[in-house]
Amino acid sequence: MAPPAGATMDRLERFENWAESHRENGFEVLRIGVGALLFARGLWWGGHLDELVSLMSSGVLDVPGVMLAHFVTIAHLVGGLLLMAGLITRVAAGAQLPIMAGAVFVEWARAAETGHRADLQLAVLVFLVLALVTLYGGGHWSADHALTKKALRLEGSRHLPA
């Protein structure tokens, strides 16, 4: 038996109110998810450096492939961990932006050749999320927030009368 229409609307309204009061939690989950994605991608590239080198040396980018491949792999591993933890979040996200801009460029060129756009769409989405994290920082679920809160408490206790 289906619940009465009023009960369904009441549940929907309660969910809407809850979602509104926890809005930034969604952004936190997105930051942690992108960090996990970057870390996983760094692990994958670590085991497939030859593919990354050939991708970078395919004529789309004219850079020393082996050196850049190692840099991208390490940057994804370290940056992904920092983003998941929310530690120096803005710096970690900002450092990923040039790498992801390069990924967008490479995937755009490959999509023009092959017509396969899924990797391009993912690269653009990750780039946009990283740009937002660079602007807004780690949020309440981050080590940055916890450290700032602790520093403010310590600073406040110094000014208490003895």
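Residues numbered from 1 in each chain as written. Predicted model: local features only at pLDDT ≥ 70, side-chain atom pairs only at ≥ 80, totals over all residues. Heavy atoms only, no water.

*Asks:* Any chance you could break down unusual backbone geometry for me, citing the residues and the numbers?
*Replies:* Of note, Ile88 is a non-glycine position whose phi angle comes to about 40°, a positive value. Looking at where Ile88 falls in the secondary structure, it is placed in the loop between helix 4 (65-85) and helix 5 (89-114). Judged by its relative accessible area of 46%, Ile88 falls in the partly exposed class. (Helix = DSSP H or I, 4+ residues; strand = E, 2+ residues; numbered from the N terminus. Buried < 20%, exposed > 50% of the residue type's maximum accessible area, 1.4 Å probe, protein only.)

*Asks:* Summarise the packing of aromatic side chains; cite the residues concerned and give the values.
*Replies:* Scanning the entire structure with this criterion turns up 4 aromatic pairs. Where Trp44 meets Trp45, the ring centres are 4.9 Å apart and the plane angle is 70°; that geometry is what we call edge-to-face. On the basis of relative accessibility, which here comes to 34%, the residue Trp44 falls in the partly exposed class. (Phe/Tyr/Trp six-rings, centres within 6.5 Å; stacked < 30°, edge-to-face > 60°.)

*Asks:* Lay out the nonpolar core in plain terms, naming residues and giving numbers.
*Replies:* If you look at the biggest cluster of nonpolar residues, it comprises 12 residues: Val34, Leu38, Leu83, Ala92, Ala93, Leu97, Met100, Ala123, Val126, Val129, Leu130 and Val133. Ranked by the residues each element gives to this core, the list is headed by helix 6 (residues 118-136), at 5 residues. Ignoring sequence-local partners within four residues, the contact set of Val126 consists of Val34, Leu37, Leu38 and Met100. One finds Leu52, Ala69, Ile99 and Val106 within the second-largest nonpolar core, a separate group that totals 10 residues. (Core = buried A, V, L, I, M, F, W, Y, C linked by side-chain atoms within 4.5 Å. Contact = heavy atoms within 4.5 Å.)

*Asks:* I'd like a description of the layout of surface pockets, backed by residues and values.
*Replies:* Put simply, the largest pocket is a space of about 560 Å³. Considering the residues around the largest pocket, the lining is formed by 26 residues, among which Arg41, Trp45, His76, Ala103 and Glu107 are closest to the centre. If you list the elements that add at least two residues to the lining of the largest pocket, you get helix 2 (23-47), helix 3 (49-56), helix 4, helix 5 and helix 6. Among the elements that line the lining of the largest pocket, the one with the most residues is helix 5, at 8 residues. (1 Å grid on protein atoms, 1.4 Å probe; cavity = no way out; pocket = protein on both sides within 12 Å on 5 of 7 lines; lining within 4 Å. Points joined across faces, edges and corners; volume = space filled by probe spheres on them.)

*Asks:* Account for the environment of Gly86, with residues named and values stated.
*Replies:* Note on placement: Gly86 falls in the loop between helix 4 and helix 5. Relative accessible area serves as the criterion here: at 0%, Gly86 is assigned to the buried category. For the pair formed by Gly86 and Gly137, sequence separation is 51 residues and the distance between their alpha carbons is 8.3 Å.

*Asks:* Outline a nonpolar patch on the surface, supporting the account with residue identities and numerical values.
*Replies:* A surface patch of nonpolar side chains, about 480 Å² in accessible area, is lined by Met9, Leu12, Phe15 and Trp18. In this structure, Met9 sits in helix 1 (residues 5-21). (Patch = residues over 30% accessible without salt bridge, like charges linked within 9 Å, V, L, I, M, F, W, Y side chains within 5 Å. Areas by Shrake-Rupley, 256 points an atom, 1.4 Å probe, with all protein chains shown as cover. Salt bridge = Lys/Arg side-chain N within 4 Å of Asp/Glu carboxyl O.)

*Asks:* Can you lay out the packing of helix 2 against helix 3 for me, pointing to particular residues and giving the numbers?
*Replies:* In the contact formed by helix 2 and helix 3, the axes pass within 5 Å of each other and the chain directions differ by 95°. Classed by the angle they form, the pair helix 2 and helix 3 counts as roughly perpendicular. Between helix 2 and helix 3, the residues in contact are Trp44, Trp45, Gly46 and Gly47 and Leu49, Glu51, Leu52 and Leu55, respectively. Residue composition of the contact of helix 2 with helix 3, grouped by class: 5 nonpolar, 2 polar and 1 charged. (Axes fitted to C-alpha atoms, helices over the stretch in contact; angles between N-to-C directions. Parallel < 35°, antiparallel > 145°, perpendicular 65-115°, else oblique. Nonpolar A, V, L, I, M, F, W, Y, C, P; charged D, E, K, R; others polar.)

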